[in-house]
Amino acid sequence: QLEDLRPLLCTLTEFNTTLSVLDLNNNAFEDEGFRYIASMLPRIQGLQKLYLLNNAIRQKTTGRIILDGIQGNTSIRAMELNNTAMLYSDIQRVTAMNRAGRVLLKTEHHIPTSVWPTVLSRANRIAWHIEYPDAKERGSGNLAHDILYAFLHGPLLLNRWQ
């Protein structure tokens with residue numbers, strides 16, 4: 001319930017240093033609860049896995065709001081959520097980029113050029129096995145191309161070469 005969720009998430013945004021897995025499966029959250037979770041995700045650092053299965057997403061826009069929330073968090077490496085088939089590949093892309101080191105693209109500091117070969121190798125290794133569910137329509141079967149593209153553009157577009 002939302003009244004139980006608010007204190008938990010507020011505590012996580014201010015004091016979380018050790019909690020890495022949050023399992024909120026089977027809690028009867030509906031759209032309002034999901035929107036609240038999504039609004040808090042960018043502020044919950046250190047959380048690596050988030051499970052939200054068997055809750056009720058009724059509005060299509062709620063899934064998009066959750067995706068926006070997870071895009072604001074660079075520590076979540078895995079997320080399970082039902083009723084989001086159309087956003088599945090987007091959620092997989094964001095969590096795979098987090099595992100590969102997306103935090104480097106968001107940092108305000110210059111990243112030394114010598115670090116990028118390691119980051120790109122890691123991104124390729126992490127993303128290569130993850131298949132898009134709609135691979136035939138995309139013309140590409142996995143996330144590696146998208147993630148490598150994002151990481152290659154990171155230092156150039158964000159002016160991070162040193």
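Above: the structure in question.
Below or above, wherever it landed, is the structure these notes cover. A quick note: this is a predicted structure, and the numbers were derived from the prediction, not measured.

Definitions and cut-offs
Residues numbered from 1 in each chain as written. Predicted model: local features only at pLDDT ≥ 70, side-chain atom pairs only at ≥ 80, totals over all residues. Heavy atoms only, no water. Helix = DSSP H or I, 4+ residues; strand = E, 2+ residues; numbered from the N terminus. Buried < 20%, exposed > 50% of the residue type's maximum accessible area, 1.4 Å probe, protein only. Contact = heavy atoms within 4.5 Å. Areas by Shrake-Rupley, 256 points an atom, 1.4 Å probe, with all protein chains shown as cover. Pairing = 2+ DSSP bridges. Right-handed = clockwise from strand over helix to strand, strands pointing away. Phe/Tyr/Trp six-rings, centres within 6.5 Å; stacked < 30°, edge-to-face > 60°. Lys NZ or Arg CZ within 6 Å of the ring centre and 35° of its normal. Axes fitted to C-alpha atoms, helices over the stretch in contact; angles between N-to-C directions. Parallel < 35°, antiparallel > 145°, perpendicular 65-115°, else oblique.

In terms of regular secondary structure, the chain is built from 8 helices and 3 strands. In the chain, the order of α-helices and β-strands from amino to carboxyl end is α-β-α-β-α-β-α-α-α-α-α. Residues classed as buried in the chain amount to 43% of the 162 residues present. In the chain, the proportion of contacts linking residues at least 24 apart, taken out of those at least 6 apart, comes to 72%. About 9000 Å² of surface is accessible on the chain, with carbon and sulfur atoms providing 53% of the total.

Turning to the pairing of strand β3 (residues 78-81), a few remarks are in order. Residues Met79 and Leu81 point to one face of β3 and are all buried, whereas Ala78 and Glu80, pointing to the other face, are not buried. Relative to β3, strand β2 (residues 49-52) runs parallel, the two being bridged by 4 bridges. For Tyr51, the partnering residue across the bridge sits in β3 and is Glu80. Since β2 and β3 lie parallel, the crossover through helix α3 (residues 60-71) that links them has a hand, and here it is right-handed.

Inspection of every chain in the model, using the stated rule, returns 1 aromatic pair. Residue placement shows Arg6 over the ring face of Tyr36; its charged tip is 5.2 Å from the ring centre.

Turning our eyes to something else, we now look at the sheet that holds strand β1 (residues 21-23). Spatially, the 3 strands line up as an open sheet ordered β1-β2-β3, and their pairing is parallel. If you trace the sheet from one side to the other, it starts and ends with β1 and β3, each paired once. Sheet twist, expressed as the mean angle between neighbouring strand axes with direction ignored, is 5°.

Direction vectors running N to C along helix α1 (residues 2-15) and helix α2 (residues 31-40) enclose 5°, while the axes themselves pass 10 Å from each other. As far as their axial angle goes, α2 and α1 are roughly parallel. From α1, Leu2, Leu5, Arg6, Leu9, Cys10 and Thr13 reach across to α2, where they touch Glu32, Gly33, Tyr36, Ile37 and Met40.

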